[in-house]
Amino acid sequence: MPTDVIMPQMGESIFEGTLTKWLKKAGDQVEKDEPLFEISTDKVDAEIPSPVAGVLSEIKVLEGATVEVNTVVAVVTESGEAVVKAPVAAPVAAVAGVKPAPAPKAPPAPPQVAGERIRSSPLVRRMAEENNLDLALVTGTGSDGRITKEDVLRHLSEQGAGSAAASSATRSAQPAGSTTLAVSALAGQVVPLSRMRAIIAERMVESMKISPHVHTVYKVDMTRVVRLRERAKAGFEQSNGVKLTYMPFIAAAVVEALRKFPVVNASLENGAIHYHQNINLGIAVALEWGLIVPVVKEAETLSFLGLARAIADLAKRARTKKLKPDEASGSTFTLTNSGVFGDEFSTPIINQPESAILAISGLKKEAVVLTDAEGNDTIAIRSMQHFTLGFDHRTIDGADACRFMVELKKTLEGWDKEIG
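One structure accompanies this document, and this report is about it. The structure presented is a predicted model; accordingly, all values stated were derived computationally and were not measured.

### A short note on helix H6 (residues 223-240)
If you check H6, its first and last C-alpha atoms are 24 Å apart, about what 18 residues at 1.5 Å a residue would give, namely 26 Å. Most pronounced at Ala-232, the bend in H6 amounts to some 50°. Burial in H6 covers these residues: Thr-223, Val-225, Val-226, Leu-228, Arg-229, Ala-232, Phe-236 and Asn-240. Summarising the contacts, the buried residues of H6 are in contact with strand E9 (213-221), helix H7 (247-260), helix H8 (304-319), strand E17 (356-371), strand E18 (377-392) and helix H9 (398-413). Positive backbone phi, approximately 75°, marks Gly-241, located one or two places after H6.

Structure below.
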């Protein structure tokens, strides 16, 4: 019995979606709830599972096509005697110059080699990580050499797990100067904007046009927090099942500062300033394919442990395309952590319609002059970090921005809160 697979309604305000990748090809067996294809919408990227078990008998919408919700994109036939039909293009909307990709190719691709981008889904990458498997050794039978779940299972049954080390040794034996990964693969190419990249571009330009951006940078002595984290991280993870990172310390300090200076947690709406009742923290997450901002709703109601769990959960599901649309919208203030890449400081663009965004830069040890209560100076090694507040000067004056940052600095430098 054939079952239609539709473009899902991923939230009340979502009217269309872009089918970015097929994770199966026509003729493949699929299990119920197994990821079938990936989509990108205005709010979120997500993997869409098969509604039934059977055979993917027909693909109706090609990769790169944008269609309205409830459009039939494929057919899964529950009987094993499905008639496999070639994919055909459905009516598509022009989105940032994205054109439908060519139909999936049937012949299996050879194993990936160094310098090539390995095409695979988050599920496949998780399976590889769990089995210590280097995907460069796996022959991909999916579209354009994409590695499927079945390819990994077949490789594991034939070769076994733990083949990452062998491939690493092979790569280390390559001549010096050989290039790897996507940098060399992209050099000289002209690549259409992905749906997510197009949305990011549109929103960044829009924000710069709407808000007169001003930035203020503060250097914070994080030594107290660093020492506390070092002492507590092992027990914290063992007791609570979540790693103790610096982000919940910063998020908790931000919440406290926003409570005292609500103008920073506000938006300009129809000529009036809306002081938000709740603090909904957006936490920017860098992905391989772009950037997404999942939101910790009502952060002011959460304990330190609650913040730590919420941040870790949202980041994990953002990277594996498991977020719901409402989990990536409704933020009132955003944190963006460029420090993971070691930067000194950044000047971030405001996430509309918010009035402010905080950039977290790299944590580094420095020689710092300390002055005691009697005015005596000493030099000490301290863990220092830059924080940059980008704010909309229409709603926030420089004095208010600085007061907010002073409160944030005071909380972090004199940390005295329970971490649970």
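### Quick look at the packing of aromatic side chains
All chains considered together, the criterion is met by six aromatic pairs. Ring plane angle 65° and centroid distance 4.9 Å describe the contact between Phe-249 and Phe-304, whose orientation is recorded as edge-to-face. Of the two residues, Phe-249 sits in helix H7 while Phe-304 sits in helix H8, which places them 55 residues apart along the sequence. Comparing Phe-249 with Phe-304 shows no difference in burial state: the two are buried. Residue class for Phe-304 comes out buried when judged on its relative accessible area of 7%. Members of the aromatic cluster, each reached through a chain of ring pairs, are Phe-236, Phe-249, Phe-304 and Trp-415.

### Here's the deal with the side chain of Ser-267
As for its position among the elements, Ser-267 is in strand E10 (residues 266-269). A residue is classified by how much of its surface remains accessible, and Ser-267, at 2% relative accessible area, is buried. Here His-276 takes part through its side chain, which lies 2.8 Å from a polar atom of the side chain of Ser-267. Here Ser-267 is in contact with Ala-272, Ile-273, His-274, His-276, Pro-353, Glu-354 and Ser-355, once residues within four sequence places are set aside.

Conventions used here
- Residues numbered from 1 in each chain as written.
- Predicted model: local features only at pLDDT ≥ 70, side-chain atom pairs only at ≥ 80, totals over all residues.
- Heavy atoms only, no water.
- Helix = DSSP H or I, 4+ residues; strand = E, 2+ residues; numbered from the N terminus.
- Expected span 1.5 Å × (residues − 1).
- Bend = angle between axes of the 7 residues up to and from the residue.
- Buried < 20%, exposed > 50% of the residue type's maximum accessible area, 1.4 Å probe, protein only.
- Contact = heavy atoms within 4.5 Å.
- Phe/Tyr/Trp six-rings, centres within 6.5 Å; stacked < 30°, edge-to-face > 60°.
- Polar contact = N/O pair within 3.5 Å; in protein donor to acceptor, adjacent residues only side chain to side chain.

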